[in-house]
Amino acid sequence: MRHPIITIIVAMAVLVTAGCGFKLRGTTSVPSELKTLILDTPDPYGPMTRAVRSQLRQSGVTIVDSSTTDEKTLKSTPALRLSGESSFRDTVSIFQNGTTAEYQMVMQSSAQVMLPGKGIYTINAKVFRSFFDNPLTALAKDAEEDMLYKEMREQLAQQLVRKLITVQTTEQTEDESANQPTTPTPGAVTVQ
């Protein structure tokens, strides 16, 4: 009698969590206004640009090439301007002999979304990782550090693309607040 009760409880838990809104990784929803945009960057073939371009394509965004497009289309198409990336590392812990044992690696990037006739919105992303610096494996730690930087770039690109939706919500809240009539508060005196 005990096994059917456990089976029912597990089945109920599966059914309850099945409708939780789970989405596959890498399928970020981008606002319809930004489904076609220009990707402007100081380093068009750099690793950060490639990561952002890949994330945009995975999200269904069409990237317009600014060099082959006419002037009228360029003026009416939103643009994502990457400002580059910066990285640094801080010492987190040290060995007994005073050498660094662990680093905290930080990588950050910022971008601007330029919507024609609506303004410029800045979005920022920052990623943290810890890295154990083992002096006995000098060659392996360089390869591991390179892999960590590559993963951090991918995460930065994901964050930047995910934050494109905040541009849409910022614009909507500004429009909603501008369209709402101002009503005087009770007890307030209006001077004319």
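A brief look at the structure comes next. Because the structure is a prediction, the values reported are computed rather than measured.

### Some words on the environment of Q55
Mapped onto the elements, Q55 comes out in helix α2 (residues 47-58). With relative accessibility at 4%, the residue Q55 sits in the buried group. Apart from residues no more than four positions distant in its own chain, Q55 is found in contact with E154, A157, Q158 and V161.

### Things to note about the packing of α2 against helix α4 (residues 138-162)
α4 packs onto α2 with a crossing angle of 50° between their chain directions and a minimal axis gap of 9 Å. Between α2 and α4, the angle falls in the class oblique. The element α2 and its partner α4 pack so that their crossing is right-handed. The residues of α4 that touch α2, namely those facing P47, M48, A51, V52, Q55 and L56, are R153, E154, L156, A157, Q158, L160 and V161. For the contact of α2 with α4, a count of residues per class yields 9 nonpolar, 2 polar and 2 charged.

### Things to note about the packing of aromatic side chains
Summed over the entire model, instances satisfying the criterion amount to 1 aromatic pair. Ring centres of F95 and F132 lie 6.0 Å apart, and the angle between their planes is 80°; on these two criteria the pair is classed as edge-to-face. Note that F95 is positioned in the loop between β3 (79-94) and β4 (100-115) and F132 in strand β5 (residues 119-132), a separation of 37 residues in sequence. In this arrangement the basic side chain of R89 is found over the ring face of Y103, its NZ or CZ atom lying 4.0 Å from the centre.

Calculation rules
Residues numbered from 1 in each chain as written. Predicted model: local features only at pLDDT ≥ 70, side-chain atom pairs only at ≥ 80, totals over all residues. Heavy atoms only, no water. Helix = DSSP H or I, 4+ residues; strand = E, 2+ residues; numbered from the N terminus. Buried < 20%, exposed > 50% of the residue type's maximum accessible area, 1.4 Å probe, protein only. Contact = heavy atoms within 4.5 Å. Axes fitted to C-alpha atoms, helices over the stretch in contact; angles between N-to-C directions. Parallel < 35°, antiparallel > 145°, perpendicular 65-115°, else oblique. Left-handed = near helix turned anticlockwise from the far one by under 90°. Nonpolar A, V, L, I, M, F, W, Y, C, P; charged D, E, K, R; others polar. Phe/Tyr/Trp six-rings, centres within 6.5 Å; stacked < 30°, edge-to-face > 60°. Lys NZ or Arg CZ within 6 Å of the ring centre and 35° of its normal.

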